[in-house]
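Residue-level structure breakdown
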Amino acid sequence: MNKTLTFLAIPMISSIFSVAQAQSKLKIEGILVNEKSEPISGATIKLSNTGVTTSTDSEGRFIFDRLSAKNYRMEIKAFGYGKHSMEVTVKEEETHLGPIIMKGQSESIDEVAVYGKYYEHYKFDSISGSLRLKTPILELPQNIQVISSDLMADQQVFDIVDGITRNISGATRQGHWDNQYANIRMRGSKIPAFRNGMNIEASWGPTAEDASMIERIEFVKGPAGFMLSNGEPGGFYNVVTKKPTGNTKGSVTLNTGSFSTYRAAVDLDGKLRKDGKLLYRLNVAGQQKDFYTKYNYSDRVVIAPVLTYKMDSLTSLTFEYTYQGSTYLSNGNYAFSPKGFADPGISNDFFAGDPSFAPNKIKDHSAYLYFDRKLNSKWNFHGQLAYFNFNMVATSSWVSAMRANGDMSRTYNMADEAGENKFAQFSFTGEEYTGNVRHRILAGADFGTKKFWGDFGVLAQDTLVTKPLNVYNPVYGIAAAAIPNPDRSKSVKVRAGGQNYVNSVSYSSLYVHDEMAFLEEKLRLSLGLRYTIAETIGKTATADRTDKALTPRVGLSYSIDKSTSVYGLFDQSFVPQAGTDWEGNAFKPVRGNDLEAGIKKEWAGGKWISTLSAYRIKRQNALTDDIDHPIAGTNNYFKIALGETTSKGIEFDITGEVLPGLSANANYALTDSKVSKDGKQENIGNITPNTAKHTANAWLTYRLQQGPLRGLGLTGSVQGMFDRAIGTTKESNFKNYIRTDGGISFQNGKYSISLMVNNLLDNRKLLTSGSITKTSEALKKQGIVDYYTYIVEARRNFRLGVTYKF
């Protein structure tokens, strides 16, 4: 308690001290408008000689407070407009600039943006509004990396599982159920999925977001629950969906490629009323894609409309709905071998299912309601509600036994799931001054309820086929009469009650955060505190839990100059966990402590940025597969809690235009994550499962800036993961991963065309996940052997995309 009081007293003492300082009332005020005298909202305005940044409100107004009497250089950036800069001299108490007219980008200016300012498509100066903080990324005391929709388009990424981790240091994806959800790891743990600032992580979900609905993806390294919602100590990724911009524009993208891939996406953005009070954004996508494995396929449709109503100049209401539906044959592309991983005797197109199986279907609905109100020139209120409804009707087959000759017996299982999540967030953000100290204050509340039901019952045990499927010479075509017909006369919610797949977690929390700026805002001290109550409901009384936690945060950032900052961070996290172990006992929440330090620098006038960070995370009660207790008839295991894992590492990222025409997104990470405490002494020192000690990635694009071939671009990419570990081990035991890609593209005004060749060197040993199943001595006497389960990536393949913007 004494520590808490001391922690809370720090901002009070600094405020009392600051009030005694002389107060300056000098300010700059202005309004940003276009050539039609319409206000421009959301523009970024920076005083480049101080680094202070603000943005325009819904009326296009902006203000800089507490200035000194001197000359300032003001830089203005607004989407759809040319970059503008001006000199401002502050002499009087108030400097009114009046309307500043921004000129819309003409076709020639668009070409300059395409060819000469390509870095602006990769590099962001600020985080999204969904993270609630207005501080520029350069000045935040945390490592935050952003993937833009432009970068995803250049890489021809179709969804969240489609290679986005290559762009973030230390981020890896453990391939699993590609049709359903991403499984992304960072800093020694699986990180949760956020969407628009809400933690939507579910037992098996959420559904992987389609690229058509994504504006950007923000990877927040380390805990940051004070921002908005409970998050893992390793960090989280926040998918920011597309919203109306108020600018009338649109695009159509068509893609085709290997394995019968056909895709179309349309993005429409504009006004439904001439006065600009009713705005819309509509994204629609359809996709038909066969997998590289025989017979397997995935058809997807996405519909994502968004409406914004500006009730008045200070108030807006936004409604967002997303539907993602998919039909597929098998949820995953696994291979099985009695010999080892990436068995050369097993074809890259091996399919563990059968074309006679009924197709599986996913229907995923989500809806958001946002309310924003500007209370005055300094304070804003934001509220948002969200509802998620997920339903999967599916079956699956899985190996039950393996013989040395490759004969594989299979089971046939139900795989129905349902999920229902509800969330609410309310926050106040504002700026105040006590003397010469600027305060950026965030205070709010966060609520959520997550429910999940699953039926994974066995329909047929080793009797699905008259003879086993041989992995070296598979023969397909099961008679329809041999395939059991699932009984779905009762809902999955009823059926799940008789199994161990009913989870419900509710939480509520209050948080406050204050970023104080000293020494003309060169030194920034961030203090945050969060109080959370979480309730987990299980099938039995032993599975019920109620937990409470107070988690503090302290961050320090200092600007050495206008392009360089250093930072240090201490943060704690608290994440409730649903489910039970094999004995029916509820899991304790994940607790984490993070220490981090780093340096950030912008180069070449802000064209590219580099970030170097080092961290240490102690994480208690992390869950991993309990390989001693598999769930009968499925490809899953019960979970078991590790005592404590300690992760240490170094991360380095660069993003932007490093040379004229040469844009880069490159990174390296050293991740040393091991079990540091456990009830079993022999487990201490084990590598945290599914960890790669070294990861390195580079994506380089060179685009010609002049001459008759101006706009022609060449792309090269390499991805690497080394010293990988799976299961229980103290030494690396999984194959290294090195993948190369290459491409060529051409951009000319409104048109662009791109050809990407993935796995350029046709590496057939690119493993994204793996496990080893041990067989009992009794079964070995019957000829049953240990076997290896893994997912190997597709052989060499291509994607061709054409985009027209209007």
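Our structure is the block above this text.
1. Examining the overall build of the chain
- Each helix and strand in the chain was counted, giving five helices and 46 strands.
- For the chain, with 806 residues in total, the buried portion stands at 55%.
- Once local pairs closer than 6 in sequence are excluded, the contacts in the chain between residues at least 24 apart make up 67%.
- Total accessible area on the chain is roughly 33300 Å²; 58% of this is exposed by carbon and sulfur atoms.

2. Concerning the packing of aromatic side chains
- Applying the stated criterion across every chain yields a total of 22 aromatic pairs.
- Taken together, a centroid distance of 5.2 Å and an interplanar angle of 75 degrees make the contact between Tyr295 and Tyr476 edge-to-face. With Tyr295 in the loop between strand 18 (278-290) and strand 19 (297-312) and Tyr476 in the loop between strand 29 (469-470) and helix 4 (492-496), the pair connects residues that are 181 residues apart, well separated along the chain.
- In this structure Tyr476 comes out as buried when scored by relative accessible area, which is 17%.
- Stacked on the ring of Tyr615, the Lys or Arg Arg187 has its end atom at 4.1 Å from the ring centre.
- Sitting above the plane of the Trp603 ring, Lys601 keeps its charged end 5.0 Å from the centroid.

3. So, the pairing of strand 25 (residues 407-414)
- For strand 25, a buried count of six out of eight residues is recorded, marking the element as mostly surrounded by other parts of the structure.
- Judged from the seven bridges that link them, strand 24 (residues 395-402) and strand 25 form a sheet pairing that is antiparallel. Residue Thr395 lies in a different strand from strand 25, and its bridge partner there is Met414.
- Count of turn residues in the strand 24/strand 25 antiparallel hairpin: four residues, of which Gly406 carries a positive phi of about 100 degrees.
- In terms of strand pairing, strand 25 meets strand 29 through two bridges, oriented antiparallel. Paired with Met408 across the bridge in strand 29 is Leu469.
- Two elements, strand 25 and strand 28 (residues 458-461), share three bridges in a ladder whose sense is antiparallel.

4. Regarding the pairing of strand 44 (residues 767-773)
- Most of strand 44 sits inside the fold, with five of its seven residues counted as buried.
- Bridging between strand 44 and strand 45 (residues 787-792) involves six bridges; their strand directions are antiparallel. By the bridge assignment, Gly770 is partnered in strand 45 with Tyr790.

5. Examining the sheet that holds strand 9 (residues 172-173)
- Taken in spatial order, the three strands of this open sheet run 9-10-11, and their pairing is antiparallel. For this open sheet the edge positions go to strand 9 and strand 11 (189-190), each flanked by a neighbour on one side alone.
- In terms of strand pairing, strand 9 meets strand 10 (residues 184-186) through two bridges, oriented antiparallel. Following the sheet pairing, Thr172 is matched in strand 10 by Arg185.

6. What to know about a positive patch on the surface
- Together, Arg616, Lys648, Lys674 and Lys693 make up a positively charged patch on the protein surface.
- Residue position: Arg616 is located in strand 35 (residues 608-620).

7. Here's the deal with the pattern of salt bridges
- For the structure on display, the rule yields 40 salt bridges.
- For Arg764, the salt bridge is made with Asp762, and the minimal N-O distance between the two is 3.1 Å.
- Linked by salt bridges that have partners in common, Glu215, Lys242, Lys249, Asp267, Asp269 and Arg281 make up one network.

8. Details of the environment of Lys374
- Mapped onto the elements, Lys374 comes out in strand 22 (residues 360-374).
- On the accessibility criterion, Lys374 (16% relative accessible area) is buried.
- With near-sequence residues (within four places) excluded, Lys374 lies in contact with Asp57, Leu314, Trp379 and Asn380.

9. Considering the sheet that holds strand 7 (residues 94-101)
- The three strands lie next to each other as 4-1-7, forming an open sheet whose pairing is mixed. Both outer strands of the open sheet, strand 4 (61-67) and strand 7, are each paired with one neighbouring strand and no more. Each strand axis lies, on average, 15 degrees off the axis of its neighbour in the sheet, ignoring direction.
- Across six bridges, the pairing between strand 1 (residues 26-33) and strand 7 is parallel. Across the sheet, residue Leu32 finds its bridge partner in strand 7, namely Ile100.

10. Side note on the environment of Val554
- Tracing the backbone through its elements, the reader meets Val554 in strand 32 (residues 545-561).
- Residues Val554 and Phe570 lie 16 residues apart in sequence; the distance between their C-alpha atoms is 5.2 Å.

11. Some points on the side chain of Arg619
- As for its position among the elements, Arg619 is in strand 35.
- With residues near it in sequence (within four places) discarded, Arg619 still touches Ser189, Glu232, Pro233, Val590, Arg591, Gly592, Gly643, Glu644 and Thr645.

12. What about the nonpolar core?
- Trp204, Phe336, Phe350, Met392, Met408, Leu767 and Tyr790 are the most contacted members of the largest nonpolar core, which totals 43 residues.
- Put simply, the parts of the chain that give this core at least two residues each are strand 21 (335-337), strand 23 (379-393), strand 24, strand 25 and strand 45.
- Per element, the largest residue contribution to this core is four residues, and it comes from strand 45.
- Look past the residues within four positions of Tyr790 in its chain and what remains in contact with it is Asn333, Tyr334, Ala335, Ser337, Gly340, Phe341, Ala342, Asp343, Ile346, Leu767, Ser769 and Gly770.
- Membership of the second largest hydrophobic core comes to 37 residues, among which are Ile147, Val239, Phe388 and Tyr507.

Rules of the game
Residues numbered from 1 in each chain as written. Predicted model: local features only at pLDDT ≥ 70, side-chain atom pairs only at ≥ 80, totals over all residues. Heavy atoms only, no water. Helix = DSSP H or I, 4+ residues; strand = E, 2+ residues; numbered from the N terminus. Buried < 20%, exposed > 50% of the residue type's maximum accessible area, 1.4 Å probe, protein only. Contact = heavy atoms within 4.5 Å. Areas by Shrake-Rupley, 256 points an atom, 1.4 Å probe, with all protein chains shown as cover. Phe/Tyr/Trp six-rings, centres within 6.5 Å; stacked < 30°, edge-to-face > 60°. Lys NZ or Arg CZ within 6 Å of the ring centre and 35° of its normal. Pairing = 2+ DSSP bridges. Patch = residues over 30% accessible without salt bridge, like charges linked within 9 Å, V, L, I, M, F, W, Y side chains within 5 Å. Salt bridge = Lys/Arg side-chain N within 4 Å of Asp/Glu carboxyl O. Lys, Arg positive; Asp, Glu negative; His and termini not counted. Charge placed at Lys NZ, Arg CZ, Asp CG, Glu CD. Axes fitted to C-alpha atoms, helices over the stretch in contact; angles between N-to-C directions. Core = buried A, V, L, I, M, F, W, Y, C linked by side-chain atoms within 4.5 Å.

It is worth stressing that arrangement in space is one thing and function is another; only the former is reported here.
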